[in-house]
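# Fold and contact review
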Amino acid sequence: MLRVKDFKRHYGDLLAVDRFSMEANSHEIVGLIGPDGAGKTTILRSIATLQNMEDGEVTIDGLDVRTDFLKIRKRLGYMPGQFSLYPDLSVWENLSFFMDIHGVRYEQCKDAIDPIFSQLAPFKSRKSGQLSGGMKQKLALCCALVNQPSLLLLDEPTTGVDPVSRREFWNILKDYRSQGTSMVVSTPYMDEAMMCDQILLIHEGKVLESGSPKALIEKPRNRSFYQIEGIPSSEIYRFKQNIMRRHPEVFAYLSGKAIRVIAKKEHSLMNILQETLSRVSGIIREVTPDIEDVFMFHLTNRNDV
Ligand SMILES: Nc1ncnc2c1ncn2[C@@H]1O[C@H](COP(=O)(O)OP(=O)(O)OP(=O)(O)O)[C@@H](O)[C@H]1O
C-alpha cells in the first residue's frame, strides 16, 4: 500500500536522502533504523505530505503524494519526533482538538483509540505537559489515530522513554498491526529493529541493507564477530583505536562497556585479538551478531569499497 521509489532530497548542498526506496503493506511494521542525521525524519515527513520531494515517487494505495495529498492525509496518521501537542491543554483538550481537525466525534473513533485512551483516561484533565514521557507518547499516538488511518508514520516514538514504557508502546503497535494497520517507524534503537517485520538500515541518507531483521542477522554469518570485555573504562577507547591502527584488516567499535570487532575480510581474528590482549587484562569471545553489529558490518563494507 505504501510505495516509495528513488526518493531524493537535498538541503542546500547536503544530500540528505539518496535514491531511497521502500514498501510497506498492511499488517506490517517497517523500521527505518539509523543514527541521528540518517535522513529518517526527511523520509517520514515527505511520505506524510508535509515536505516536498525533490525527485522520486511516493504512492499510498495508488495515490500520489504530489497530486493527491488531501486524500492521502485522510488515510494517514503521523506522529512527529518532537512532542508536538499543546503542553498547556489537557489530555482531553488535545484529543478533542485533533478530533475537530478531522471532523470526527469521540463515538466515531472510540474503537480505534480506546485501547490507548483507556490508559490515559484517569489523567484526562491533566495538562499534557505534565505527563510522563511514556504517557506523552501514548497521547501523541492516540491523536494520530483519531482518523482511523490505514498507514501510521511514527518518527522515533520511543526516544527518551523508559525501557518499560518502550516495551508497552511496542505492544500497542503490535496490536494495531494485527488489526491490519501498516506502520513505518523510525528509531535509533537497534533493539527495536527486531520488533519490525522489515527494516531498512540507513546511514547518511542511503540504505545500507534491507530485509527482515532475522534475515539480516543471518546474512553476515560468513564473518566472525568478537567481543572484548573487561578493559578498564578509562582505557577502552584508546584500546579500540589501537586495534584499528595496528590491524587495518579489522573494524572495532564500542558497544556498551565492551569492544566489538569484525574482520573486514573473511578470516578468523582470534589470533590477532589474543595478541592485542597480551599486554592488558581482558576476555575475548566470539558472539552472535545483533542488529547493531549488522549495521556496523554493512557500514564497514561500504566504506571499504
Ligand atoms: N531543514 C533543514 N535544513 C538543513 N539541513 C537539514 C534540515 N533538516 C534536516 N537537515 C539535515 O539533513 C540530514 C538528515 O536529517 P533528518 O532529520 O532527516 O535525519 P534523522 O535521521 O531524522 O535524524 P534526527 O533523528 O537527528 O532528526 C541531517 O544531516 C540534518 O542535519
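This is a predicted model, so every value here is computed, not measured.

### What about the overall build of the protein?
Along its length, the protein carries eleven helices and 14 strands. By its C-alpha atoms, the protein is 70 × 45 × 35 Å across when sized along the principal axes. Of all 305 residues assigned to the protein, the portion counted as buried reaches 50%. Of all intrachain contacts in the protein linking residues separated by at least 6 positions in sequence, the fraction that spans at least 24 positions is 67%. Split by element, the accessible area of the protein, about 14,800 Å² in all, is 49% carbon and sulfur.

### What to know about the packing of aromatic side chains
For the structure on display, the rule yields seven aromatic pairs. Measuring from ring centre to ring centre gives 5.3 Å for Tyr86 and Phe97, while their planes differ by 85 degrees; the resulting arrangement is edge-to-face. Here the residue Tyr86 occupies a position in the loop between β6 (76–79) and α3 (91–102), and Phe97 occupies one in helix α3, the gap between them amounting to eleven residues. Looking at Tyr86, the relative accessible area reads 43%, which means it is partly exposed. Under the relative-accessibility criterion, Phe97 is labelled partly exposed at 33%. Measuring from ring centre to ring centre gives 5.9 Å for Phe97 and Phe98, while their planes differ by 80 degrees; the resulting arrangement is edge-to-face. By relative accessible area, Phe98 is classed as partly exposed at 23%. Grouped by ring-pair contacts, the aromatic residues Tyr86, Phe97 and Phe98 constitute a single cluster. When the ring centre of Trp92 is taken as origin, the NZ or CZ atom of Lys124, which lies over that ring, is 5.1 Å away.

### Observations regarding the sheet that holds strand β11 (residues 225–229)
Sheet strands pair by backbone hydrogen bonding; their relative direction is either parallel or antiparallel. The four strands lie next to each other as β12-β13-β11-β14, forming an open sheet whose pairing is antiparallel. For this open sheet the edge positions go to β12 (250–255) and β14 (283–287), each flanked by a neighbour on one side alone. Taking the axes of each pair of neighbouring strands and ignoring which way they run, one obtains an average angle of 25 degrees across the sheet. Here six bridges tie β12 to strand β13 (residues 258–263), and the two strands are oriented antiparallel to one another. What sits directly across from Tyr253, in β13, is Arg260. The sheet strands contacting helix α9 (residues 236–246) are β11, β12 and β13, and the helix crosses β12 at an angle near 165 degrees.

### Quick word on the pattern of salt bridges
Summed over the entire model, instances satisfying the criterion amount to 14 salt bridges. Taken together, the shared-partner salt bridges connect Asp18, Arg19 and Lys206 into one network.

So, how was this worked out
Residues numbered from 1 in each chain as written. Predicted model: local features only at pLDDT ≥ 70, side-chain atom pairs only at ≥ 80, totals over all residues. Heavy atoms only, no water. Helix = DSSP H or I, 4+ residues; strand = E, 2+ residues; numbered from the N terminus. Buried < 20%, exposed > 50% of the residue type's maximum accessible area, 1.4 Å probe, protein only. Contact = heavy atoms within 4.5 Å. Areas by Shrake-Rupley, 256 points an atom, 1.4 Å probe, with all protein chains shown as cover. Phe/Tyr/Trp six-rings, centres within 6.5 Å; stacked < 30°, edge-to-face > 60°. Lys NZ or Arg CZ within 6 Å of the ring centre and 35° of its normal. Pairing = 2+ DSSP bridges. Axes fitted to C-alpha atoms, helices over the stretch in contact; angles between N-to-C directions. Salt bridge = Lys/Arg side-chain N within 4 Å of Asp/Glu carboxyl O.

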